[in-house]
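Coordinate analysis (summary)
Below are the chains, spelled out letter by letter.
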Amino acid sequence: MKKIGLLPKLILAILIGIGVGMLGMEVPIRLLATFNGIFGNFLKFSIPLIIIGFVAPGIGDLGTGAGKLLGITTAIAYLSTVLAGTFTYFVNTSIFKLILKTGSMLETADNPEHALLSGYLTINMPPIMDVMTALLMAFILGIGIAIVKGHAIKDIMNEFQKVVEGIIKNIIIPFLPLHIAGIFANMTYAGQVATILTVFSKVFAVIIILHITILLILYFIAGGMSGANPIKLLKNMLPAYFTAIGTQSSAATIPVTLNQTKENGVNTGIAEFVVPLCATIHLSGSTITLVSCAMAIMMLNGMTITFSTMFGFILMLGVTMVAAPGVPGGAVMAALGIIETMLGFPPTLTSIMIALYLAQDSFGTACNVTGDGAIAIIVNKIAGFKLEKNSKEIFDNI
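Now for a description of the structure that goes with this document. No experiment lies behind these values; they were computed from the predicted model shown.

Along its length, the protein chain carries 14 helices and zero strands. Sequence-ordered secondary structure for the protein chain, helices as α and strands as β, is α-α-α-α-α-α-α-α-α-α-α-α-α-α. Looking at the protein chain as a whole, 53% of its 398 residues are labelled buried. Across the protein chain, the fraction of contacts at a sequence separation of at least 24, relative to all contacts at a separation of at least 6, is 85%. A total of about 16,500 Å² of accessible surface is found on the protein chain, and carbon and sulfur atoms cover 68% of it.

This part covers the side chain of Asn36. The residue Asn36 is located in helix α2 (residues 26–64) in this model. A polar contact of 2.9 Å, which involves the side chain of Asn36, links it to the side chain of His179. In contact with Asn36, other than residues within four places in its own chain, are Leu178, His179, Gly182 and Ile183.

Moving on, we come to the packing of helix α11 (residues 284–300) against helix α14 (residues 347–382). Where α11 meets α14, the closest approach of the two axes is 8 Å, and the angle between their N-to-C directions is 150 degrees. In terms of orientation, α11 lies roughly antiparallel with respect to α14. In terms of crossing hand, the pair formed by α11 and α14 is right-handed. From α11, Ser284, Gly285, Ser286, Thr289, Leu290, Cys293, Ala294 and Ile297 reach across to α14, where they touch Leu349, Ile352, Met353, Leu356, Tyr357, Gln360, Gly364, Cys367 and Asn368.

This part is about the packing of aromatic side chains. Under the criterion given, the structure shown has seven aromatic pairs. Ring plane angle 85 degrees and centroid distance 5.4 Å describe the contact between Tyr241 and Phe242, whose orientation is recorded as edge-to-face. Grouped by ring-pair contacts, the aromatic residues Tyr89, Phe90, Phe307 and Phe311 constitute a single cluster.

Quick look at the nonpolar core now. Ranked by size, the top nonpolar core spans 110 residues in total, and within it Leu290, Met333, Ile339 and Phe345 carry the most contacts. The element best represented in this core is α14, accounting for 17 residues. The contact partners of Phe345, leaving out residues within four places of it in the chain, are Ala294, Ile297, Met298, Met303, Ile339, Glu340, Thr350 and Met353.

Scoring rules and cut-offs
- Residues numbered from 1 in each chain as written.
- Predicted model: local features only at pLDDT ≥ 70, side-chain atom pairs only at ≥ 80, totals over all residues.
- Heavy atoms only, no water.
- Helix = DSSP H or I, 4+ residues; strand = E, 2+ residues; numbered from the N terminus.
- Buried < 20%, exposed > 50% of the residue type's maximum accessible area, 1.4 Å probe, protein only.
- Contact = heavy atoms within 4.5 Å.
- Areas by Shrake-Rupley, 256 points an atom, 1.4 Å probe, with all protein chains shown as cover.
- Polar contact = N/O pair within 3.5 Å; in protein donor to acceptor, adjacent residues only side chain to side chain.
- Axes fitted to C-alpha atoms, helices over the stretch in contact; angles between N-to-C directions.
- Parallel < 35°, antiparallel > 145°, perpendicular 65-115°, else oblique.
- Left-handed = near helix turned anticlockwise from the far one by under 90°.
- Phe/Tyr/Trp six-rings, centres within 6.5 Å; stacked < 30°, edge-to-face > 60°.
- Core = buried A, V, L, I, M, F, W, Y, C linked by side-chain atoms within 4.5 Å.

The structure is reproduced here in structure tokens:
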């Protein structure tokens, strides 16, 4: 089982969960519901720790960098992430009305959770602080690390980040398939799963199209600024795209992203600065996936979707996902706090959100790293460098 990837495990878990739910036997479903209750409470307990463990070191590391290019690159990466999310909101607002039936998950109950079986027992695990307190604490610590420029707190936070990464990698991710199996078993029993499976195949198709569209926009901007053919620039980055699909990690894909960025003629120093930095702060693909999945779930459950709520959510995503770990699901784990507080997701919908995001995690990561190459070209131009002529293929047939 160790050789099976996370996505196949999730697919298998969903199929097993649906099978158990179709059998209609309450005992196994309630056993799974018991595990889900305990696991869900542990996940809720972990959210403030995840926020502090990711956001504080991420802000601290950004602040300790030097030079104008750091600020420029960070601003471009954040702007790209926010614009990708905003673009996604407006596209989905139009398209989802055509492919989703508003409130269709509410047909079985006034509240989706009312139709689900409960577990045999619950274990309360109250978080040490609420989400907003954790965010404020992370901001204060991160900014403090950047201002003080000392090593004591920074070292502690970096070690704490490793502890949190260990929790995700060794506890949350391994048990997630069982959690997902329980969720789908319960939803099948309640008669809700057919809606999800029918609808989200269409949502996933929309997400992939949005990824491609955003990449084309980024590379047309980069190509226009640098005087190179945007399609050829994008084509040169395809090895990084497909590597990211396999690794599901921006960090693990850095060597390939860096090599292909240099192949596009970006100055070596600029490439070696921008690519590793953007691997942690540029999250346009992940934002598209999160916004799309969140809007689909909200629409299916008849929840109110407004631009002000979603735009605030998008703005916060660009911050909370900074330095998300190089493990599958890192971005959605970092975003769980604002998914609950800003969008009002209960535990069941949060679990569905995790499952849906992880099903698209590879493609979101691939969009992120491929977009990093476009940002490197833009920063290269702003820094006063031209794309190197030895990469002449990118200048042909402009």
